[in-house]
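Tertiary structure, described
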Amino acid sequence: MRNLEEVTSDHLGAQVLADLRAAGIERGGPLALTLRAGIGLGLAAAGFEQAIATVDPASVVRTVEAALRPRWVTWSNDTAKALIADGVRVATCWDIAAVHRLLFGGWRADPARVVAGLHGLASSSIPAMGQMNLLDIAGDDGADADDPVRPDGHLRPEWVAGGWAADVTRLGRWASAAFATFEQQRDRLARSDTAARAAATARSESAVELLCAELEADGLPIDIAVAEATITASVGPRTTSESSAEAARAERDAAVLRHLPASNDIDLRNPAHVKSLLNRAGVDVPDTRAWRLEPFRAAHPVVDALLTWRKAERIATTYGYSWLDEHVGRDGRLRGAWSGSDGAAGRMTAQAGLHNLPADMRVAVVAEPGYVFVRADLGQIEPRVLAAISYDRQFAAATQEDDMYAPVAARLGVDRPVAKIAVLAAMYGQTSGAAGQALRGLEAAYPVAMGYLRDADESGRAGRDLRTYGGRLIRMWPTPDHLDDREQRAVANGRGRYGRNAVVQGAAAELFKSWAVTVRARTIEHGARVVLCLHDELLVHAPAESAAVVAAVLDDCLQEAAWRWAPDRSVRFVADTSIVERWSDAKA
DNA sequence: TTGACCACGTA
DNA sequence: CGTACGTGGTCAAC
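Residues numbered from 1 in each chain as written. Chains lettered and ligands numbered in written order. Predicted model: local features only at pLDDT ≥ 70, side-chain atom pairs only at ≥ 80, totals over all residues. Heavy atoms only, no water.

Mapped onto the elements of the fold, E560 is located in helix α23 (residues 547-565). Look at E560 and you get partly exposed, because its relative accessible area is 24%. In this view, E560 contacts T518 and R522; residues no more than four positions away in its chain are not counted. (Helix = DSSP H or I, 4+ residues; strand = E, 2+ residues; numbered from the N terminus. Buried < 20%, exposed > 50% of the residue type's maximum accessible area, 1.4 Å probe, protein only. Contact = heavy atoms within 4.5 Å.)

Here's what the structure looks like:
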């Protein structure tokens, strides 16, 4: 028995499919999509534009996805978020915002900025929505106001500000504008120095945007009772009133303050107060950071009490009951906004504490009944990535070992810890510490890899933009005016370290994301879902009976992603994979 | 109310 | 004088 609405939407879907086929839209081909819930959707491709009025645009998308599996061209993953809310998930896309970030660097990638960038127009010249623009709707510039693009190449601000969804016709025009933008991005990528890699990165980064929308919707499984107990153990039970919360705070503070006489007026939350408190205890430090206080734990009991207080205070303020109430749903899922790429080297970011959950809280990350986590992290990812992107054959040979620092240490004639510190120092631009001698050894043993880092360092110093291996633009910033020589050198040094680090960290992010989206695609059929991405670590929520298969798929996916990312097989990538019921059981 | 700084969690 | 991120605290300038 089917209700009438289902029949009509099926019929509509079939009609749209027929139109798409008549227009020559091929399976897997690019197809621009805009939609507004309850109103309809717009579709566009080369020489094709259609506006479809329907209260249920997602079901049309579902039909087209099943039959054609297009590469959906969208302005951003807002479209995917809307589809997910209506129960529709698509396999692939071309995310215009993600590709813009790849091509132009930075984070902001709204349609106006994207179109301006492709036309070589300064973002400062983007027209703002104002009185004049309201008049523009009437087309006072003599052009067709139903065209989202102005004669000067900018998008019309009233379209950008929401006018694109004003009616169904406009959804079609907006889809056409998206398709034209896609074509320009595609052409620009094809003209880049590393066209094949950049195009692959664009596809991977686009899929990451779909993954982000799904991560945001699905959330990370949390055992709320365990989380409550963890918080209680640190800061005591939930307070029921403002006054009892204040009393609990005062009690925690007193445990520190009682170590010093007459210190009632000291505010532990004020670093300046803490500094004078420590001074009175005979501890003289330039700042009060934990790592700086650590050596003084034995010097005075107040130091130990303060460090313990800080840890509890962190839980109370950032990861306490309010965090639990605000970000963990009644269904036991921790949800936060995800971004596929930060504004710098291109790593993923997440809000709501998903990326900086204290280790103590990981006991509360528990798989649902009948499920497990398949957890995997990439081993020594950054030096392995450096070997790949620099084409250093000697360094690549070291990656054949499970522990690549061992052969490096042997070659340098130093202990493993020294070799490790030297490699990290080279990649991160560290100048202090005991890495000096070993660094010179690295230069001699791996001149190609070290030269790659030096080039990035010099570009940064000079203020020249860089590109990662996968083609992401890393933008440098100018040296401010009116700095003395020393300050100018400090800025240049900072850019050098940044460039040196960004080419490695950014390339590692590209490989990781390629892995993550491959896992996303390959594990769906096993009923598994990626629930956390943490720079080099993946957490996949999988049915218990599929755990072994999913674990094997994760390893296969790494090889597939590595091959797709860097077809040179001389660099070996390794993952440490485990099957656990709670996240805290995974780390050795 | 906003932005700077500190501090600290993660990789 | 390793980089990157998000969060919450205080303080000073609005």
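So much for the structure itself; the text now carries on.
Each strand in a sheet pairs with its neighbour through backbone hydrogen bonds, running either in the same direction (parallel) or in the opposite one (antiparallel). What the five strands build is an open sheet, ordered β3-β2-β1-β4-β5; its pairing is mixed. With partners counted over all chains shown, the strands left at the sheet margins are β3 (48-53) and β5 (93-95), one partner each. Within this sheet the neighbouring strands show an average axis-to-axis angle of 25°, counted without direction. Across the sheet, helix α4 (residues 96-104) is in contact with β4 (71-74) and β5; its angle to β5 comes to roughly 55°. Those strands touched by helix α9 (residues 195-218) are β4 and β5, and its axis lies near 95° from that of β5. (Pairing = 2+ DSSP bridges. Axes fitted to C-alpha atoms, helices over the stretch in contact; angles between N-to-C directions.)

With that settled, consider the sheet that holds strand β14 (residues 537-543). Taken together, four strands build an open sheet; the order of strands is β13-β14-β10-β15 and the sheet is antiparallel. Each of the sheet's edge strands pairs with one partner strand only, and the pair in question is β13 (529-533) and β15 (575-580). With strand direction ignored, the average angle separating the axes of adjacent strands in the sheet is 20°. As paired elements, β13 and β14 share four bridges and run antiparallel to each other. By the bridge assignment for β14, C533 is matched with L538.

Inspection of the region around DNA strand B gives 17 residues, with T288, A290, R310, R347 and D536 positioned closest. Sugar and phosphate atoms form 78% of the subset of DNA strand B atoms that lie within 4 Å of the protein. A distance of 2.8 Å is found between a sugar or linking oxygen of DNA strand B and a side-chain nitrogen or oxygen belonging to R314. (Near = heavy atom within 4 Å. Polar contact = N/O pair within 3.5 Å; in protein donor to acceptor, adjacent residues only side chain to side chain.)

Quick look at unusual backbone geometry now. It is generally the case that most residues other than glycine have a negative phi and that most peptide bonds are trans. Even without glycine at this site, Q380 takes up a positive phi of about 50°. Mapped onto the secondary structure, Q380 falls in the loop between β10 (371-378) and α16 (381-390). Despite not being glycine, H482 shows a phi value in the positive range, around 60°. The residue H482 is located in the loop between β12 (473-474) and α22 (485-523) in this model. A residue is classified by how much of its surface remains accessible, and H482, at 82% relative accessible area, is exposed.

Turning next to the domain arrangement of chain A. Segmentation of chain A into domains returns domain 1 (4-191), domain 2 (224-325), domain 3 (334-381 + 509-585) and domain 4 (383-508). Inter-centroid distance (C-alpha atoms) of domain 1 to domain 2 is 52 Å. (Domains from an automatic or database assignment.)

What follows deals with the nonpolar core. The tendency in soluble globular proteins is for nonpolar side chains to be buried as a group. By size, the foremost hydrophobic cluster in this structure holds 100 residues, and its most contacted members are W515, C533, W565 and F573. No other element matches α22, which puts 11 residues into this core. If near-sequence neighbours (up to four positions away) are discounted, W565 is found in contact with R197, V385, A388, I389, Y469, A507, E510, L511 and F573. In this structure, L20, A58, V73 and W75 belong to the second largest nonpolar core, which totals 53 residues. (Core = buried A, V, L, I, M, F, W, Y, C linked by side-chain atoms within 4.5 Å.)

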